[in-house]
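Letter by letter, the chains look like this.
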Amino acid sequence: MKKILTIKHGSLGDIIMSLPAFASIRFHYKNSKIFLLTERKHVDFFTRCPFVDFVIEDNRKDNLFSTFKRLTKLVDENFNLIIDLQNSKRTTLYNIFFRFSHSVKISSSRSFAHYRYLIPQQGTESVVSGLFNQLKLIGIQRKEYQNFDWLKIDLKEKFDRPLALFIPGVSKSGSYKQWQTNKFADIAKHYEKLNYIICVVGTKEDKKSVSPIINLCKNVLNKIDQSPPEVIYSLALQAKIIFSNDTGPGHVASLAKKNFIWLVNDNKLSKANQPIGNHIYKIQAPSVKDISTKDVINFLEKNNLF
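Enquirer: Let's hear about the state of the cysteines: which residues, and what values?
Expert: A disulfide bridge is the covalent bond that connects two cysteines by way of their sulfur atoms. Counted according to the given criterion, the structure contains zero disulfides. Unpaired in this structure, Cys217 has its nearest cysteine sulfur neighbour in Cys199, at a distance of 12 Å.

Here's what the structure looks like:
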C-alpha cells in the first residue's frame, strides 16, 4: 500500500482513544505514506504525531460544496486504501463518493465499505477494541504502544513536592457526567494537607469548575486556558496522582500511565470510553453525582494511593 487515507474527526477524547489504532496502522504499513483527514482543532496535535505523514484539514461544519471540492482533489492522490476511523453519517457520504469515483478499497463500519465491521451494541466493547476489530478485517493486528513522549514538552515549572493533577471540567453537553466541583475541591484540600502541589488544567470554559479548588486551597498551579494536549501530558508525567471526569483532557492525561482516578457514571458509555491500563482506578455509581467525598477517600486509603 503506497498511499493510505485515514479519517478521524470527533472530540479530543475520541482522538486519544483512536491513537492505538493509528499506531497499529503505522506499524503494519511501515513504508506507506499515511494521510489524515481531521478537523482544524486537531491539526497541531496530529502534526506532532508520528503515526501520520500528512494532515489535511476537514471540518465537519464545512458546507457540502467545500467538502466535495476537497474530496475531488483527494481522488488525484490515487490512494490504495481508505481507513475510516470516524464511522459517522458524514463518512458514509465519503464512502459513497470514493466507492463510485475511485478504485480504492475502504475499511469502515458504515455502508458502502469493502471491509465493513458491524459495531455491536454499545457497552459490549470499548471504542479502542472496536477499532481494532475493524482493523482485523484488513489484516492489521493490535500493536501495543506505550510511548507517547512525542507529546512531551519542557515545562517551565519545577516540582520539589509530589504533584496532584485535577481535571474537574467537562464539555457543555457533559454536565451529567461531571462529579461535583466542590467535591473535587475537598479532595484537593486533602492532598494539599499531605504536602502535595495542586494543579488544575482545562479550557477557559472550565474556569467555573476549578474555582472551588482555587478558593479552598492555598496555592494552586492554575493552567486553565494554558493546557493544550502537550501541556496536559507533560504535567501528567510529573504527577503522582490524577483525578478526572470522563472528558477529553482526562484521556490525554491517562496516556502518562500514572495513578489515574476516573470518576464516572456506571453506564454503557463509560464502559465504552474507558482508558486502557492497569493504572486506571474507576470509581463509579449509577450517577457520578452520588459518589461522596468519603467514598473517594476510603477508596484511596484502601488502594494506598496517598
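Enquirer: Which residues make up helix H8 (residues 229–238), and what values go with them?
Expert: Taking burial as the measure, the 10 residues of H8 include nine buried ones, the bulk of the element. For H8, the complete set of buried residues consists of Pro229, Glu230, Val231, Ile232, Tyr233, Ser234, Leu235, Ala236 and Leu237.

Enquirer: Outline the environment of Leu194, listing residues and values.
Expert: Within the fold, Leu194 resides in the loop between helix H6 (181–193) and strand S8 (197–202). In this structure, the C-alpha to C-alpha distance between Leu194 and Pro162, residues 32 residues apart in sequence, is 9.3 Å.

Enquirer: Quick rundown of the pattern of salt bridges? Include the residues and the values.
Expert: Tallied over the entire structure, the rule returns 11 salt bridges. The partner of Arg70 in a salt bridge is Asp62, with the nearest N and O atoms 2.8 Å apart. Classification of Arg70 as buried rests on a relative accessible area of 17%. We note a salt bridge from Asp160 to Arg161, for which the minimum N-O separation is 3.9 Å. Relative accessible area serves as the criterion here: at 70%, Asp160 is assigned to the exposed category. Linked by salt bridges that have partners in common, Asp58, Asp62, Arg70 and Arg90 make up one network.

Enquirer: Provide a residue-level description of the pairing of strand S5 (residues 105–108), including the pertinent values.
Expert: A regular strand places its side chains so that they alternate between the two faces of the sheet. Direction of pairing for strand S4 (residues 81–84) relative to S5: parallel, over a ladder of three bridges. Across the sheet, residue Leu81 finds its bridge partner in S5, namely Lys105. Taken together, S4, helix H4 (residues 89–101) and S5 constitute a β-α-β crossover, and its handedness is right-handed. Summarising the sheet, S5 and strand S6 (residues 115–116) pair through two bridges and their orientation is parallel. Counted as the bridge partner of Ser108 is Arg116 from S6.

Enquirer: I'd like a description of the environment of Leu36, backed by residues and values.
Expert: With respect to the secondary-structure elements, Leu36 resides in strand S2 (residues 33–38). Among the residues examined, Leu36 registers a relative accessible area of 0% and is labelled buried. As a C-alpha pair, Leu36 and Phe46 span 10 residues in sequence and 8.5 Å in three-dimensional space. Not counting the four nearest positions on each side in its chain, Leu36 is found in contact with Leu5, Thr6, Ile7, Lys8, Phe22, Phe46, Val52, Phe54, Val55 and Ile56.

Enquirer: Please provide a residue-by-residue account of the packing of helix H1 (residues 12–28) against helix H2 (residues 40–48), values included.
Expert: As a packed pair, H1 and H2 sit with axes 12 Å apart at the nearest point and diverge in direction by 35 degrees. Our pair here, H1 against H2, has a crossing hand that is right-handed. Note on element contacts: H2 touches H1 through His42, Phe45 and Phe46, opposite Leu12, Ile15, Ile16, Leu19 and Phe22. The residue makeup of the contact of H1 with H2, split by class, is seven nonpolar, one polar and no charged.

Enquirer: Kindly report on the pairing of S8, identifying the contributing residues and their values.
Expert: Of all six residues in S8, six are buried; the element is thus mostly enclosed. Of the two faces of S8, both are covered, the one formed by Ile197, Cys199 and Val201 as well as the one formed by Ile198, Val200 and Gly202. Examined bridge by bridge, strand S7 (residues 163–167) and S8 share four bridges and lie parallel to one another. When the bridges of S8 are listed, Leu163 appears paired with Ile197. With H6 bridging S7 and the parallel S8, this β-α-β connection has right-handed handedness.

Enquirer: Explain the nonpolar core to me, and be specific about the residues and the numbers.
Expert: Within the largest apolar cluster, 53 residues are counted, with the highest numbers of intra-cluster contacts made by Leu19, Phe46, Ile83 and Leu135. Broken down by element, this core gets its largest block of residues, eight residues, from H1. Setting aside residues no more than four positions away along its own chain, Ile83 makes contact with Ile4, Leu5, Thr6, Ile7, Ile25, Ser107, Gln134, Leu135, Ile138 and Ile140. Grouped together as the second largest cluster of nonpolar side chains are 28 residues, Trp179, Tyr191, Tyr196 and Ile198 included.

Enquirer: Help me get a handle on the sheet that holds strand S12 (residues 280–285), residues and values and all.
Expert: To summarise the sheet geometry, strands pair through backbone hydrogen bonds and adopt either a parallel or an antiparallel arrangement. An order of S9-S8-S7-S10-S11-S12 is seen for the six strands of this open sheet, with the pairing classed as parallel. At either margin of the open sheet sits one strand with a lone partner, and together these are strand S9 (220–224) and S12. Pairs of neighbouring strands in the sheet enclose a mean axial angle of 15 degrees, with direction left out of account. Relative to S12, strand S11 (residues 259–265) runs parallel, the two being bridged by six bridges. Bridged to Val264 within S12 is Gln284. Helix-sheet contacts for helix H7 (residues 207–216) involve S7, S8 and S9, and the interaxial angle to S9 is about 175 degrees.

Definitions and limits used
Within any chain, residue numbers begin from 1 and follow the written order of that chain's sequence. Side-chain atom pairs in this predicted model are given and counted only at pLDDT of 80 or more, local residue features only at pLDDT of at least 70, and totals for whole chains, interfaces and linings cover all residues. Side-chain metrics in this entry use all non-hydrogen atoms of the structure; hydrogen atoms and water are not considered. Disulfide: a pair of cysteine sulfur atoms within 2.5 Å of each other. Only protein chains enter the area calculation, which uses a 1.4 Å probe; residues under 20% of their type maximum are buried, those over 50% are exposed, and those in between are partly exposed. For helices the rule is a DSSP run of H or I covering at least 4 residues; for strands it is a run of E covering at least 2, with both sets numbered from the N terminus onward. When a carboxyl oxygen of Asp or Glu is within 4 Å of a side-chain nitrogen of Lys or Arg, the pair counts as a salt bridge. Strand pairing is assigned whenever DSSP identifies at least 2 bridges connecting the two strands. Crossovers are described as right-handed under a simple rule: with the strands pointing away from the observer, the path leading from the first strand over the helix to the second runs clockwise. The criterion used for residue contact is that any of the two residues' heavy atoms lie within 4.5 Å. Structural elements are reduced to axes, namely lines fitted to C-alpha atoms, with helices fitted over the stretch in contact, and the angle between N-to-C directions of any two is expressed from 0 to 180 degrees. Whether a crossing is left-handed or right-handed is set by the direction in which the near helix is turned from the far one by less than a right angle, anticlockwise for left-handed and clockwise for right-handed. Residues are grouped as follows: nonpolar covers Ala, Val, Leu, Ile, Met, Phe, Trp, Tyr, Cys and Pro; charged covers Asp, Glu, Lys and Arg; every other residue, Gly included, is treated as polar. Nonpolar cores are built from buried Ala, Val, Leu, Ile, Met, Phe, Trp, Tyr and Cys residues. Side-chain atoms within 4.5 Å join them into one set.

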